[in-house]
Amino acid sequence: MRDDTGAEMRGGAYAEVRRGGTSVEAVPRDDTGAAVDVPPAVRRVVSLVPSLTETVAATAPALLVGATDWCSHPPGLDVTRVRGTKNPDLERIGSLRPDVVLANFEENREPDIEALRAAGVPVWVTVIRTVDEALASLHRVLTEACRVPRPGWLDDAASAWRQVAPGRRRRAVVPVWRRPWMVVGRDTFTGDVLARLGVDNLYGGHPERYPKVPLDRLVAAGPDLVVLPDEPYRFTAGDGPESFPGVEAALVSGRHLTWYGPSLVEAPAVLSAQLGRAAG
């Protein structure tokens, strides 16, 4: 099978691309299996994912030339903003002349990714649903998509998660929005993070990844715990726990629960402490 550039699509992490009808070069594939023709030396990166923005900024900050309005870390990040993850300014992205654009299968829309590719912009798409996938994907984002050495913080993150000792197991609902209530469902990075820390997502087997579930059904599910992150909806002590009377409530850092970048180093300790402070 060939893609629209004439590249031969083969199995494995690399594809062969013929240039000028004669020479053959190995081109890395992203997490979706798409061949991404990044140059041998990457100098300009645009990130459409907050986690990946922080990943590049912590590793090779000089490469980052553009990011979304939602990319809040590191604080004070001074790059061109290209609107949001769901409505990126494609014209502005193109004007930045990126060697590669970083995206995610969940956070970014397929039409935007395809439009950038049709304009000749290489787009590297990540697929991250577990901690192990995050660690492997981040390694490839940095070493293959951005052409930089593996950073020490990624080794620290892997070590931190190997050493996790789960607390007492509890069954939880994990809202990410209210009005209407929306919770974490199946096959999510968030669910895997919590499972490693001793928290089993009651909606982990739901057909949808982020189902809308009425509050009365969430309460009737009989959770031992409700996990309330501070993003994307900003749950607080006065906004969230009162909806689950008699149920332990853990207010947690959304960045440590849902982001897969340098925050992975601190996440086990931060979240374990916050889950341990859950109050009924």
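Residues numbered from 1 in each chain as written. Predicted model: local features only at pLDDT ≥ 70, side-chain atom pairs only at ≥ 80, totals over all residues. Heavy atoms only, no water.

Looking at an unreviewed UniProt entry, one finds the protein chain named ABC-type Fe3+-hydroxamate transport system substrate-binding protein and attributed to Streptosporangium becharense. Listed under Sequence similarities (unreviewed entry) in UniProt, the entry text for the protein chain is "Belongs to the bacterial solute-binding protein 8 family." (UniProt positions renumbered as here; feature names shortened; annotations may be inferred.)

### Describing the overall build of the protein chain
Of regular secondary structure, the protein chain possesses nine helices and 13 strands. For the protein chain, the C-alpha radius of gyration of 20 Å lies close to 19 Å, the compact-globule estimate for 280 residues. Summarising its shape, the C-alpha atoms of the protein chain cover approximately 70 × 40 × 35 Å along the three principal directions. The proportion of buried residues among the 280 residues of the protein chain is 51%. A sequence separation of at least 24 residues applies to 56% of the contacts in the protein chain between residues at least 6 apart. Working note: accessible area of the protein chain is about 12,700 Å², and carbon and sulfur atoms make up 52% of it. The average position of the 33 basic charges and that of the 36 acidic charges among the side chains of the protein chain differ by 1 Å. (Helix = DSSP H or I, 4+ residues; strand = E, 2+ residues; numbered from the N terminus. Rg over C-alpha atoms; globule rule 2.2 N^0.38 Å. Buried < 20%, exposed > 50% of the residue type's maximum accessible area, 1.4 Å probe, protein only. Contact = heavy atoms within 4.5 Å. Areas by Shrake-Rupley, 256 points an atom, 1.4 Å probe, with all protein chains shown as cover. Lys, Arg positive; Asp, Glu negative; His and termini not counted. Charge placed at Lys NZ, Arg CZ, Asp CG, Glu CD.)

### Quick look at the nonpolar core
Leu102, Val227, Leu264 and Leu275 are the most contacted members of the largest nonpolar core, which totals 53 residues. The biggest single contributor to this core is helix H4 (residues 131-145), with seven residues. Shared between two domains, this core holds at least three residues of each, these being domain 1 (45-150) and domain 2 (167-277). Contacts of Val227, omitting those with residues within four sequence positions, involve Ala172, Val173, Val174, Pro175, Val199, Ala250, Val252, Leu257 and Leu275. (Core = buried A, V, L, I, M, F, W, Y, C linked by side-chain atoms within 4.5 Å. Domains from an automatic or database assignment.)

### Points about the sheet that holds strand E6 (residues 100-104)
Across the sheet, five strands lie side by side as E5-E4-E3-E6-E7; this open sheet has parallel pairing. Strands with a single pairing partner mark the edges of an open sheet, and in this sheet they are strand E5 (80-81) and strand E7 (123-126). As paired strands, strand E4 (residues 64-67) and E5 are joined by two bridges and run parallel to one another. Bridge pairing in E5 links Gly66 to Thr80. Strands strand E3 (45-47), E4, E6 and E7 of the sheet are contacted by helix H1 (residues 50-59), whose axis makes an angle of about 165 degrees with E4. Sheet strands in contact with helix H3 (residues 110-118) are E6 and E7, and its direction is about 155 degrees off that of E7. (Pairing = 2+ DSSP bridges. Axes fitted to C-alpha atoms, helices over the stretch in contact; angles between N-to-C directions.)

### A few points about the sheet that holds strand E8 (residues 170-173)
Pairing is parallel in the open sheet, where four strands are placed in the order E11-E8-E12-E13. Strand pairing shows two members of the sheet lacking a second neighbour, strand E11 (199-201) and strand E13 (248-252), which therefore form its edges. Across the sheet, the axes of successive neighbouring strands diverge by a mean angle of 40 degrees, strand direction being ignored. Relative to E13, strand E12 (residues 225-229) runs parallel, the two sharing five bridges. Bridging across to E13, Leu228 finds its partner in Leu251.

### Notes on the packing of H4 against helix H6 (residues 189-196)
Following both chains from N to C, one finds H4 and H6 inclined at 120 degrees, their axes separated by 8 Å at the closest point. Along its contact with H4, which presents Val131, Asp132 and Ala134, the element H6 presents Phe189, Asp192, Val193 and Arg196. When its residues are assigned to classes, the contact of H4 with H6 shows four nonpolar, no polar and three charged. (Nonpolar A, V, L, I, M, F, W, Y, C, P; charged D, E, K, R; others polar.)

### Structural notes on the confidence of the model for the protein chain
Scored by pLDDT, the protein chain has a mean of 91; 90% of the residues are at 70 or more. The model gives residues 1-12 a pLDDT under 50, and that stretch makes 21 contacts with residues more than four places away or in other chains. (pLDDT = per-residue confidence, 0-100.)

### Examining the domain arrangement of the protein chain
On domain assignment, one finds that the protein chain holds domain 1 (45-150) and domain 2 (167-277). Inter-centroid distance (C-alpha atoms) of domain 1 to domain 2 is 26 Å. Counting residues at the interface gives 22 residues for domain 1, matched by 16 residues for domain 2. Applying the counting criterion to the domain 1 and domain 2 interface returns three salt bridges. Glu54 serves as the salt-bridge partner of Arg255, at 2.6 Å between the closest nitrogen and oxygen. Counting across the domain 1 and domain 2 interface gives nine residue pairs in polar contact (both at pLDDT 80 or more). Mapped by element, the contributors of at least two residues to the side of domain 1 that touches domain 2 are H1 and H4. For the side of domain 1 that touches domain 2, the element with the highest residue contribution is H1, accounting for six residues. Residues of the side of domain 1 that touches domain 2, tallied by class, amount to 10 nonpolar, seven polar and five charged. (Salt bridge = Lys/Arg side-chain N within 4 Å of Asp/Glu carboxyl O. Polar contact = N/O pair within 3.5 Å; in protein donor to acceptor, adjacent residues only side chain to side chain.)

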